[in-house]
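Given next are the chains, with one letter for each unit.
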Amino acid sequence: MANLDMQLADKLKTLLKQTALSVTEQQQQQLVKLVSLLNKWNKAYNLTSVRDPQEMLVKHILDSLVVSPYLQGDRFIDVGTGPGLPGLPLAIINPDKHFVLLDSLGKRISFIRHAVRELGLTNVEPVLKRVEEYQPNHQFDGVLSRAFASLKDMTDWCSHLPTENGLFYALKGLCRDEEVQELDGKFAIKDIIKLHVPELVGERHLVILK
């Protein structure tokens, strides 16, 4: 297993060099450990359809990290986080920001709790709930979702979560015009950013709404 971790560490370095992200040595070790944990749990709990740890680095870790430069504020919620994506990788490289990771499936939240302990993260709060039932004590600067729902569903179900100036960050493959047209009039697209994920086949976009 140590050998696999070394291969993953080398691969992660290669991928990060193709981005403008600055990730410390310790954070890189945490990211590799996260992939190892995900790989181990995946065999029993089927948390992700990606089976190969090397592929997880590209499709899960880098795909989450590339959003980091666009995050504005300190408090974020990752809705429908699945096994903690993009929330866990973002929390690792943004120790000064706080992330609530919300999912309605117990096995996913169990994995996140385990990962948080193993990685020694103090800025992550896993929550087992459906988003429409979740009533936070504080609103959030940003509401994140990756492959969670259409833009309309995301904004309708999560409209109680952002602060007055808070933003929605939707990680998408393509952003289709019809999805934008379905939006409720009180939400506006602030930006659509084409993301570069090293070695990822297919397009990725970050849609920012307010």
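The structure presented is a predicted model; accordingly, all values stated were derived computationally and were not measured.

**Q** Residues and numbers for the sheet that holds strand S7 (residues 204–209), please.
**A** Within the open sheet, the seven strands sit side by side as S3-S2-S1-S4-S5-S7-S6. Their pairing is mixed. Each edge of the sheet is formed by a strand with only one pairing partner; in this case those strands are strand S3 (124–128) and strand S6 (189–195). Averaged over neighbouring strand pairs, the angle between their axes works out to 20° when direction is ignored. In terms of strand pairing, S6 meets S7 through six bridges, oriented antiparallel. By the bridge assignment, Ile189 is partnered in S7 with Leu209. Helix-sheet contacts for helix H3 (residues 53–65) involve strand S4 (140–146), strand S5 (162–172) and S7, and the interaxial angle to S4 is about 155°.

**Q** Describe helix H2 (residues 25–45), listing the residues and the values that go with them.
**A** Look at H2: 30 Å from first C-alpha to last across 21 residues, which is about the 30 Å you get at 1.5 Å a residue. Backbone geometry just after H2 places Asn46 at a positive phi near 55°.

**Q** Now, about the UniProt feature "binding site: S-adenosyl-L-methionine" (unreviewed entry) in the chain: what can you tell me, with residues and values included?
**A** Following the UniProt record, the feature "binding site: S-adenosyl-L-methionine" (unreviewed entry) maps to Gly80, Leu85, Val131, Glu132 and Arg146 here. Locating Leu85 in the fold gives a position in the loop between strand S1 (75–79) and helix H4 (87–93). Look at Leu85 and you get buried, because its relative accessible area is 5%. For Leu85, the contacting residues outside a window of four places in its chain are His60, Ser64, Asp78 and Arg146. Mapping Arg146 onto the fold places it in strand S4.

**Q** Which residues make up the side chain of Thr48, and what values go with them?
**A** Note on placement: Thr48 falls in the loop between H2 and H3. Not counting chain neighbours up to four residues away, the residues in contact with Thr48 comprise Leu38, Asn42, Met56 and His60.

**Q** Which residues make up the environment of Leu195, and what values do they have?
**A** Counting through the fold element by element, Leu195 comes out in strand S6. Note: C-alpha distance between Leu195 and Glu25 (170 residues apart in sequence) is 24 Å. Leaving out residues up to four positions away in the same chain, Leu195 has contacts with Val66, Val67, Tyr70, Arg204, His205 and Leu206.

**Q** I'd like a description of the pattern of salt bridges, backed by residues and values.
**A** Summed over the entire model, instances satisfying the criterion amount to eleven salt bridges. Of the charged contacts in the structure, one is a salt bridge between Asp156 and Lys152, with a shortest N-O distance of 2.8 Å. One end of the pair, Asp156, and the other, Lys152, are both in helix H6 (residues 151–157), four residues apart, so they sit about a helical turn from each other. One salt bridge connects Glu203 with Lys194, and the closest N-O pair in it is separated by 3.5 Å. Its relative accessible area of 41% is what places Glu203 among the partly exposed residues. Here the salt bridges do not stand alone but share partners, grouping Asp63, Arg146 and Arg204 into one network.

**Q** Hey, could you go over unusual backbone geometry for me, with residue numbers and the actual values?
**A** Only a minority of non-glycine residues have a phi that is not negative, and only a minority of peptide bonds are not trans. Note that the residue after Leu85, namely Pro86, is joined by a cis bond; omega there is 5°. Tracing the backbone shows Pro86 in the loop between S1 and H4. With a phi close to 55°, Asn46 is a non-glycine residue in the positive phi region. As for its position among the elements, Asn46 is in the loop between H2 and H3. On the accessibility criterion, Asn46 (48% relative accessible area) is partly exposed. With a phi angle near 70°, Glu199 is a residue other than glycine that sits in the positive phi range. The residue Glu199 is located in the loop between S6 and S7 in this model.

Calculation rules
Residues numbered from 1 in each chain as written. Predicted model: local features only at pLDDT ≥ 70, side-chain atom pairs only at ≥ 80, totals over all residues. Heavy atoms only, no water. Pairing = 2+ DSSP bridges. Helix = DSSP H or I, 4+ residues; strand = E, 2+ residues; numbered from the N terminus. Axes fitted to C-alpha atoms, helices over the stretch in contact; angles between N-to-C directions. Contact = heavy atoms within 4.5 Å. Expected span 1.5 Å × (residues − 1). UniProt positions renumbered as here; feature names shortened; annotations may be inferred. Buried < 20%, exposed > 50% of the residue type's maximum accessible area, 1.4 Å probe, protein only. Salt bridge = Lys/Arg side-chain N within 4 Å of Asp/Glu carboxyl O.

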